[in-house]
Amino acid sequence: MRIALDIRYRVASGASTYIHALLPHLIDGAPNGTDFLYIRYAGQPLHGLPEAPAVECPRGSALRELAWVNQTLPRKLRQHRVDLYHGLKLFGPVASPVPMVHTAHSISLPRHGEFPMSPKQRAINAYGNLLLRRSRRVICVSGYVSDFMFAELRIPRGRLRTIHLGVSRAFRDAVADADASVFDTPGLGDAPYVVCVGNVEHVKNHATAVRALATLRDQVPHHLVIAGRDDKPAAEELRDLIRSEGLEERVHLAGFMDLPTLVSCLARAELLVHPSLSEGFPLAVVEGMYAGLPVIGSGIPSLKDVLGDTGRTFADPRDHRALADALLDWLSSPDEARRSAERGKARA
């Protein structure tokens, strides 16, 4: 059997972490006689993934890529005698010549007003929903995503499989060897801080964390560090908010971090804050729990499922005053926060 593994991704994220953690085990554990074909972007590095033959998708606009997936990829799958296609992050062709499996990392419609979508996002999600409905199996990263697929997309339960994400071996090893001196960012010095981990996008809702810190600016000495890519338009909007709140010296957009730097950042932080508007599975929260941090997050279903009784949530993700109250409570009660962190690490 030959399986095509679509490992395309443009930026580092929870989905790319999933790809790099899963593939070595998937390939090593495959039955005898199974071989693999990668679908990846032209020039996309493997970053330690096992070697395999590859079909390369040209980089370009979403429209150009969609045309390649639907016009060229089916022909490539036939040429390489592929028996099964698995989209680990992105989606395959509408008229696939082989059965498809897709991993669903998030919900693909705005639900209960969680977050707005641009026309482009709606078109991409409509395409994704069509492919999910046509998939032989859909692997869901949480019960929340599985419930959505069943209730909203009407995918039968028998075609859904829930496989939760977990802390990778690489992350566990990095935490064991963490050096708190590795991380630094201009203007932080030795100041105490709370951290948000996630690329700066509207759905991550970093603005609520910034407004919460503005509320507390005269009550706590803490800074806010945001660890994640900051090269999208949402980052410029966030910088404008930081300037308007007068927090240029207290909020640090530290950019994407490699693994040693990230675990160093977590080792120095006092709290992890995760005010996201929507998550399929909040891997950054689980990693923060494993690293020993108390977590305060928005009360979205997937985050509450992950935290259980080990962290704190606030019902409305945009309620910065509720987040400020939770922060002040735990920053003023370090023993309570520490006990929560211990329960979280055991749960992770």
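Note: the structure precedes this text.
What you see is a predicted model; the values in this text were computed from it and never measured.

This part is about the sheet that holds strand E2 (residues 35–41). Taking strand neighbours across the sheet as the criterion, the 7 strands line up as E3-E2-E1-E4-E5-E6-E7 in an open arrangement whose pairing is parallel. In the strand order of this sheet, the two ends are held by strand E3 (54–57) and strand E7 (160–162), each with one partner. Strand-to-strand twist across the sheet, computed as the mean angle between neighbouring axes with direction ignored, equals 20 degrees. Where strand E6 (residues 137–140) lies against E7, 3 bridges are found, and the strand directions are parallel. Bridge pairing links Ile-139 to Arg-161 in E7. Along the sheet, helix H1 (residues 14–28) makes contact with strand E1 (2–6), E2, strand E4 (84–87) and strand E5 (100–104), crossing E2 at roughly 160 degrees. Each of E5 and E6 is contacted by helix H4 (residues 119–134), which is oriented at about 125 degrees to E5, the strand it contacts most.

Right, let's get into the packing of aromatic side chains. Under the defined criterion, the tally for this structure stands at 1 aromatic pair. The aromatic ring of Tyr-290 is capped on one face by Lys-345, whose charged end is 4.1 Å from the ring centroid.

Looking now at the environment of Gly-33. Of note, Gly-33 is situated in the loop between H1 and E2. Between the alpha carbons of Gly-33 and Met-1 there is a distance of 6.4 Å; along the sequence they are 32 residues apart.

One can find Leu-247 in the loop between helix H8 (233–244) and strand E10 (251–255). Counting along the chain gives 23 residues from Leu-247 to Leu-224, while the straight-line C-alpha distance between them is 9.5 Å. The residues touching Leu-247, leaving out its near neighbours within four places in the chain, are Val-210, Leu-213, Ala-214, Arg-217 and Ile-242.

A word on the sheet that holds strand E11 (residues 271–274). Pairing in this open sheet of 6 strands is parallel, and the strands run E10-E9-E8-E11-E12-E13 from one edge to the other. Of all strands in the sheet, those with a lone pairing partner are E10 and strand E13 (312–314), marking the two edges. Strand-to-strand, the axes of this sheet are offset by a mean angle of 25 degrees, without reference to chain direction. In the sheet, E11 pairs with strand E12 (residues 295–298) via 3 bridges, with the strands oriented parallel. Looking across to E12, one finds that Val-273 is bridged to Ile-296. Sheet contacts for helix H9 (residues 259–268): strand E8 (193–197) and strand E9 (223–227); angle to E8, the most-contacted strand, approximately 140 degrees.

Handedness of the crossover is the feature at issue here: the chain leaves E11, passes through helix H10 (residues 283–290), returns alongside E12, and the resulting connection is right-handed. Pairing of E12 with E13, which is carried by 3 bridges, proceeds in the parallel orientation. Looking at E13, one finds that Ile-296 is bridged to Arg-312. Regarding topology, helix H11 (residues 301–307) serves as the crossover connection from E12 to the parallel E13, and that connection is right-handed.

Tracing the sequence through the fold places Met-257 in the loop between E10 and H9. In sequence terms Met-257 and His-202 are 55 residues apart; their C-alpha atoms lie 20 Å from each other. Other than its neighbours up to four places away in sequence, Met-257 contacts Phe-183, Val-225, Ala-227, Leu-262 and Cys-265.

All right, on to the packing of helix H7 (residues 206–216) against H8 then. Close contact between H7 and H8 brings their axes to 10 Å; oriented N to C, the two are set at 10 degrees. The orientation of H7 relative to H8 falls into the category roughly parallel. Two secondary-structure elements touch here, H7 through His-206, Ala-207, Val-210 and Arg-211 and H8 through Leu-238, Leu-241 and Ile-242. When grouped by side-chain class, the residues that make up the contact of H7 with H8 number 5 nonpolar, 1 polar and 1 charged.

Let us look at the pairing of E2. With respect to burial, E2 is a largely interior element, 6 of its 7 residues being buried. As judged from the 5 bridges shared by E1 and E2, these two strands associate in the parallel manner. Residue pairing in the sheet places Ile-3 in a bridge with Phe-36 of E2. Following the chain from E1 across H1 to the adjacent parallel E2, one finds a crossover that is right-handed. Pairing analysis gives 4 bridges linking E2 to E3, with the strands arranged parallel. Bridging across to E3, Ile-39 finds its partner in Val-55.

Further remarks concern unusual backbone geometry. One non-glycine residue, His-47, lies in positive phi territory at about 50 degrees. Position of His-47 among the secondary structure elements: in the loop between E2 and E3. We classify His-47 as exposed; its relative accessible area is 58%.

This paragraph deals with the side chain of Glu-279. When you line up the elements, Glu-279 lands in the loop between E11 and H10. A polar side-chain atom of Glu-279 sits 3.1 Å from a polar atom in the side chain of Ser-276. Those residues in contact with Glu-279 that lie beyond four places of it in its chain are Tyr-144, Lys-204, His-274, Ile-300 and Ser-302.

Cut-offs applied
Residue positions are counted from 1 within each chain, in the order its sequence is given. Whole-chain, interface and lining totals are the exception, using all residues; otherwise, since this is a predicted model, local features are given only for residues with pLDDT of at least 70 and side-chain atom pairs are given and counted only at 80 or more. Water and hydrogen atoms were dropped before computing side-chain values, which therefore reflect all heavy atoms in the structure. In this analysis, strands are considered paired if DSSP registers two or more bridges between them. Each helix corresponds to a stretch of at least 4 residues labelled H or I by DSSP, and each strand to a stretch of at least 2 residues labelled E; elements are numbered beginning at the N terminus. Simply put, an axis is a line fit to the C-alpha atoms, just over the touching stretch for a helix, and the angle between two N-to-C directions goes from 0 to 180 degrees. By definition, residues are in contact when any of their heavy atoms lie within 4.5 Å. When two rings of Phe, Tyr or Trp (its six-membered ring) have centres within 6.5 Å they constitute a pair, described as stacked for plane angles under 30 degrees, edge-to-face for angles over 60, and tilted for the intermediate range. We call a charge positioned over a ring when the NZ of a Lys or the CZ of an Arg lies within 6 Å of the ring centre and within 35 degrees of the ring normal. A crossover gets the label right-handed when its path from the first strand over the helix to the second runs clockwise, viewed with the strands pointing away from the viewer. What sets the label is the angle itself: under 35 degrees gives roughly parallel, over 145 gives roughly antiparallel, 65 to 115 gives roughly perpendicular, and the rest give oblique. Charged residues are taken to be Asp, Glu, Lys and Arg, nonpolar residues to be Ala, Val, Leu, Ile, Met, Phe, Trp, Tyr, Cys and Pro, and polar residues to be all remaining types, Gly included. Burial classes follow relative accessibility: with a 1.4 Å probe on protein chains only, a residue under 20% of its type's maximum area counts as buried, one over 50% as exposed, and anything between as partly exposed. Here a polar contact is recorded for every N or O atom pair within 3.5 Å, except that within protein the pair must consist of a potential hydrogen donor and a potential acceptor, and residues adjacent in sequence are included only if both atoms are side-chain atoms.

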